[in-house]
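Spelled out, the chains give:
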Amino acid sequence: MNEILFGYLSFAILALSIAAITRKNPVHAVLLMIVMFFHLATMYLALGAEFLAAVQIMVYAGAIMVLFLFVVLVLNIREEEKGERFASGWPLGISLAAGLLILILIITDKVLTGRQGQFTQAVILQETHTKAIGKLLYTQYVFPFEVASLILLVAIVGAIVLAKKRLG
Amino acid sequence: MVSLQWYVWLSLTLFMVGVFGFLTRRNIIMMFLSIEIMLNAVNLSLVSFSHFLNDLRGNIIVFFVITVAAAEAAIGLAILIALFRNRASANVDELKEMKG
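**Student:** Describe the interface of chain A and chain B, listing the residues and the values that go with them.
**Tutor:** Taken together, the contacts link 86 residues of chain A with 69 residues of chain B. Between chain A and chain B, a total of about 6900 Å² is buried, with carbon and sulfur atoms accounting for 78% of that surface. Contact with chain B buries area across many residues of chain A, yet Ile 21, Leu 47 and Phe 68 of chain A alone supply 10% of it, more than any other trio. Joining chain A to chain B, the criterion identifies nine residue pairs in polar contact (both at pLDDT 80 or more). Sorting the residues of the side of chain A that touches chain B by element identifies α1 (3-22), α2 (26-46), α3 (50-74), α4 (90-111), α5 (121-127), α6 (129-139) and α7 (142-163) of chain A as the ones contributing at least two each. In terms of residue class, the side of chain A that touches chain B is made up of 60 nonpolar, 16 polar and ten charged.

**Student:** Help me get a handle on the domain arrangement of chain A, residues and values and all.
**Tutor:** Residue and element names in this part refer to chain A. Assigned domains within chain A: domain 1 (1-79) and domain 2 (119-168). On a C-alpha basis, the centres of domain 1 and domain 2 stand 21 Å from each other. Each side of the interface is counted separately: domain 1 has six residues, and domain 2 has five residues. Of the roughly 420 Å² buried where domain 1 meets domain 2, counting both sides, 64% is carbon and sulfur surface. Contact with domain 2 buries area across many residues of domain 1, yet Gly 48, Glu 50 and Phe 51 alone supply 80% of it, more than any other trio.

**Student:** Outline a nonpolar patch on the surface, supporting the account with residue identities and numerical values.
**Tutor:** All names here are of chain A. Taken together, the side chains of Leu 150, Leu 153, Val 154, Ile 156, Val 157, Ile 160 and Val 161 define a hydrophobic patch exposed on the protein surface, amounting to about 660 Å² of accessible area. Mapped onto the elements of the fold, Val 157 is located in helix α7. Its relative accessible area of 47% is what places Val 157 among the partly exposed residues.

**Student:** Can you explain the nonpolar core? Please cite residues and give values.
**Tutor:** In terms of nonpolar packing, the biggest core is built from 60 residues, with Met 33, Met 36, Met 43, Met 65 and Phe 68 of chain A together with Leu 33 of chain B touching the most fellow members. Every element with two or more residues in this core is listed here: α1, α2 and α3 of chain A together with α1 (4-24), α2 (28-52) and α3 (57-87) of chain B. Those residues in contact with Met 65 of chain A that sit more than four places away from it in its chain are Val 30, Met 33, Ile 34, Phe 37 and Tyr 60 of chain A together with Leu 33 and Glu 36 of chain B. Of all hydrophobic cores here, the second largest spans twelve residues; its members include Ile 124 and Ile 133 of chain A together with Leu 56 and Phe 64 of chain B.

**Student:** So what about the pattern of salt bridges? Which residues, and what values?
**Tutor:** Residue and element names in this part refer to chain B. Tallied over the entire structure, the rule returns two salt bridges over all chains. With a shortest N-O distance of 2.9 Å, Asp 55 and Arg 57 are connected by a salt bridge. Under the relative-accessibility criterion, Asp 55 is labelled buried at 18%. For Arg 57, a relative accessible area of 38% gives the class partly exposed.

**Student:** Can you tell me about the environment of Ala 155 of chain A, naming the residues and giving the values?
**Tutor:** When you line up the elements, Ala 155 of chain A lands in helix α7. Taking relative accessible area as the criterion, Ala 155 of chain A reaches 4% and is therefore assigned buried. Spatially, the C-alpha atoms of Ala 155 of chain A and Leu 75 of chain A are 21 Å apart, while their sequence positions differ by 80 residues. Beyond its immediate chain neighbours, meaning those up to four positions away, Ala 155 of chain A contacts Ala 71 and Ile 75 of chain B.

**Student:** Can you break down the environment of Ile 79 of chain B residue by residue, with the values?
**Tutor:** Turning to its location among the elements, Ile 79 of chain B is positioned in helix α3. Here the alpha-carbon distance between Ile 79 of chain B and Phe 22 of chain B, two residues 57 residues apart in the chain, equals 18 Å.

**Student:** So what about a positive patch on the surface? Which residues, and what values?
**Tutor:** A cluster of like positive charges, contributed by Lys 164, Lys 165 and Arg 166 of chain A together with Arg 85 of chain B, occupies part of the molecular surface. Here Arg 85 of chain B falls in the partly exposed class, since its relative accessible area comes to 40%.

The rules we used
- Residues numbered from 1 in each chain as written.
- Chains lettered and ligands numbered in written order.
- Predicted model: local features only at pLDDT ≥ 70, side-chain atom pairs only at ≥ 80, totals over all residues.
- Heavy atoms only, no water.
- Contact = heavy atoms within 4.5 Å.
- Buried area = accessible area lost by both parts, 1.4 Å probe.
- Polar contact = N/O pair within 3.5 Å; in protein donor to acceptor, adjacent residues only side chain to side chain.
- Helix = DSSP H or I, 4+ residues; strand = E, 2+ residues; numbered from the N terminus.
- Nonpolar A, V, L, I, M, F, W, Y, C, P; charged D, E, K, R; others polar.
- Domains from an automatic or database assignment.
- Patch = residues over 30% accessible without salt bridge, like charges linked within 9 Å, V, L, I, M, F, W, Y side chains within 5 Å.
- Areas by Shrake-Rupley, 256 points an atom, 1.4 Å probe, with all protein chains shown as cover.
- Salt bridge = Lys/Arg side-chain N within 4 Å of Asp/Glu carboxyl O.
- Buried < 20%, exposed > 50% of the residue type's maximum accessible area, 1.4 Å probe, protein only.
- Core = buried A, V, L, I, M, F, W, Y, C linked by side-chain atoms within 4.5 Å.
- Lys, Arg positive; Asp, Glu negative; His and termini not counted.
- Charge placed at Lys NZ, Arg CZ, Asp CG, Glu CD.

Structural data, given as C-alpha cells:
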C-alpha cells in the first residue's frame, strides 16, 4: 500500500474519530463516524480484504450507524446539548488513555513477528478473498459461525423485548 | 511499502481515541460510539496482522467481531430506549440508583 494513500487514510480516520467524539450533537457525531467507516473500508481494500470492506460498509455504515441515527432521532435529546460536554474528570481520562498508549507501545515491538501462514496475497488473488474466507468459515470455523447466528438471534429477540412498550 | 508497525500505531491511536471518549463523555450515545471506535481499531489491527502474516484467521475474527458489534449495538440501544422511557435523560451521571 503506498505511503500517500496510507498517510491520507490514517490522517482522515484519526481526525474524523476525534471530531466525532468531541461533537455536542450526537447526529453530527454519527454522520462523522459513517465517513470514518468508509475510510476504514478503503484501508481494508488496500490490505486485500475486500469482503471485509464490503461488510464494513454494509453492516457498520449501513446498519449499525443507521440504528444509532434512528435512536438519536427517536429520543428527544435537545436538553442534552445544553449540559457539559465532558465529565469533570477529563484530564484524568486523557492521562489514563495516554498511559495505556505508552504501555501498549512498549510491548508492541515484541508481538510484531509470527508464524507465516499459507494465504499469501497471490493465493488470495487467485482464489478471491470471499471464496477463501467462505471456505475457512464453513469448514474449520463452522461451530463459531453457528454460535454467531445464535448471538444474532438473541440480539433480535432481546432488543424487541427490551424496547417494546409494557402492555397493561 | 508501509510496514506493519505503522498500522499497529494507527490502530493503537484510534483505540486510545475510543478510550478517551468512553472515559470522558457522559452522554450514553457518545459512549456507545466510542465503543464502536475501539472495536474498529481492533479490527484494523487484526486485518493488518492478517495481511502481513499471510494468514486469513485474522479476517475470520474480524467477521465475528462485526457480528458481536451488531448484536451489542442492537441490545445497547434497546436498553437506552427503555432507559429513556423511564428517565428522559441520556446522562450516565444521573443513573445512580444502584449506588451503594
